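A structural walkthrough
What follows is the residue order along each chain.
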Amino acid sequence: MLGFETSCDETGIGLVRGRTLLSDALATSMAEHERFGGVVPEIASRAHLEAMVPTVHRALADAGVALTDVDAVAVTSGPGLTGALLVGVAAAKAYALALGVPLYGVNHLAAHVAVDELEHGRLAEPSIAMLVSGGHSSILLVPDLAQDVQPLGQTIDDAAGEAFDKVARVLDLPFPGGPPIDREALAGDPRAIAFPRGLTGPRDAAYDFSFSGLKTAVARWVEAQQRDGVAVSVPDVAASFQEAVVDVLTAKAVRACRDHGVDHLVIGGGVAANSRLRAVAQERCDAAGIVLRVPSRRLCTDNGAMVAALGSRLVEAGVAPSSPDLGADSSLPITVVSA
Ligand code: ATP
Ligand code: MG
Ligand code: FE
């Protein structure tokens, strides 16, 4: 299965055989976006176009697989940036047509969950999945990853990754903000500043998230310190902010497991690379008797292997391939696993 991922700034091409990862080639246009503090869609689309063929060749070479040995093609058809998605969909369709193999349009968010199967085997079903990335933060009930994914809750404002990116900006750390905040926090005190935990009141929705108040609280706190001429400890702010995010995410994920009588939790998406999230989730799952699965950090952020992994899962489940007129859907809902 040859997988194509172009929903944002990463051109990811992955090859899997069943649940075995063969290769995972990545090209990124992140450096071209950094000075804008966010991904510029037109730049991303152009970069995908330029990177596409060389990245496909690299994935094949790394796997030692000939193009003619490819049995099926999978591609992210949404959600994501329309122009960026279209480059991947067009390329995948061209390869599928030229090779005479089936084409599977897949949901990027479900692929963030499916990638875990490459490292930890078939997902237990039902599982609770928590998806935390640059554009999404959701808790999902997954009775069947190939065709039945049910949202239990999501963010009502910013995504978790977006909060990391915005707080990094306040602290003059580079974009994307998750990795530098994770690093700075190692030297900080997570209890230095009591930042708010959004939507954790008794009458708040049990599985919804809100991170925009937290982001504002961090900005206000830093401004106040600067106004008073007090030096801001970047490690302390990073650690305290990160702790607030991780505390809420892990508490709600464990609660979803308990409420639904599910004893398997999988965490996916770019924020799942966060070291503190991984540690606290492990502690709380151990305490609650929940089996936790998190992909290795490299597979948490966008890549082509995750798309191939979900494509492979669809084949295994006997799901019909996509039609040759598959298009891109920038707001494909999580309930639509394959398009
Ligand atoms: P989506 O999957 O919702 O379409 P995306 O594809 O842009 O969004 P991903 O590549 O899955 O997002 O994740 C990128 C996000 O993950 C960024 O917001 C980034 O800051 C965050 N991130 C990456 N590494 C870490 C980390 N170590 N700690 C916290 N956040 C991280
Ligand atoms: Mg990215
Ligand atoms: Fe993603």
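Worth saying up front: this structure is predicted, and the values here are computed from it rather than measured. (Residues numbered from 1 in each chain as written. Chains lettered and ligands numbered in written order. Predicted model: local features only at pLDDT ≥ 70, side-chain atom pairs only at ≥ 80, totals over all residues.)

1. Section: the domain arrangement of the chain
Annotation of the chain at the domain level lists domain 1 (2-117 + 299-317) and domain 2 (124-294). At the level of secondary structure, the elements contributing two or more residues to the side of domain 1 that touches domain 2 comprise α4 (108-114) and α12 (304-317). The greatest single-element share of the side of domain 1 that touches domain 2, amounting to 5 residues, is contributed by α4. Within the side of domain 1 that touches domain 2, the residues separate by chemical class into 8 nonpolar, 4 polar and 3 charged. (Domains from an automatic or database assignment. Helix = DSSP H or I, 4+ residues; strand = E, 2+ residues; numbered from the N terminus. Nonpolar A, V, L, I, M, F, W, Y, C, P; charged D, E, K, R; others polar.)

2. Some details on the site of ligand 1
Contacts to ligand 1 come from 24 residues, most closely from Gly-134, Gly-135, Gly-161, Gly-178 and Gly-270. Mapped by element, the contributors of at least two residues to the shell around ligand 1 are α4, α6 (160-170) and α7 (178-185). Across the shell around ligand 1, the residue classes tally to 6 nonpolar, 15 polar and 3 charged. Built from parts of two domains, the shell around ligand 1 gets at least three residues from each of domain 1 (2-117 + 299-317) and domain 2 (124-294). (Near = placed C-beta within 6 Å.)

3. Quick look at α6
Among the 11 residues in α6, 9 count as buried, and that is most of the element. Ala-160, Gly-161, Glu-162, Ala-163, Phe-164, Asp-165, Lys-166, Val-167 and Ala-168 are the residues of α6 that are buried. Elements that come into contact with the buried residues of α6 comprise β6 (127-132), β7 (137-144), α7, α8 (212-227) and α9 (234-260). (Buried ≥ 20, exposed ≤ 12 C-beta atoms within 10 Å, placed from the backbone. Contact = placed C-beta atoms within 7 Å.)

4. Brief notes about helix α2 (residues 41-63)
The end-to-end C-alpha separation of α2 is 30 Å, in line with the 33 Å expected for 23 residues at 1.5 Å each. Helix geometry: α2 is bent most strongly at Met-52, by close to 45°, with proline Pro-54 lying one to four residues after it. Taken together, the buried positions of α2 are Ala-44, Ala-47, His-48, Ala-51, Met-52, Thr-55, Val-56, Ala-59 and Leu-60. Buried-residue contacts for α2 involve β2 (10-17), β3 (20-28), α1 (30-33), α3 (82-99) and α12. A positive backbone phi angle near 65° is found at Gly-64, which sits one or two residues after α2. (Expected span 1.5 Å × (residues − 1). Bend = angle between axes of the 7 residues up to and from the residue.)

5. Some points on the pairing of strand β9 (residues 264-268)
In terms of residue burial, β9 counts as a mostly covered element, since 4 of its 5 residues are buried. Sheet analysis places β6 next to β9, joined by 4 bridges and oriented parallel. Across the sheet, residue Ile-128 finds its bridge partner in β9, namely Leu-265. For β9 and strand β10 (residues 291-293), the ladder comprises 3 bridges, and the chain directions are parallel. Bridged to His-264 within β10 is Val-291. With respect to chirality, the unit in which β9 leads through helix α10 (residues 275-288) into the neighbouring parallel β10 is right-handed. (Pairing = 2+ DSSP bridges. Right-handed = clockwise from strand over helix to strand, strands pointing away.)

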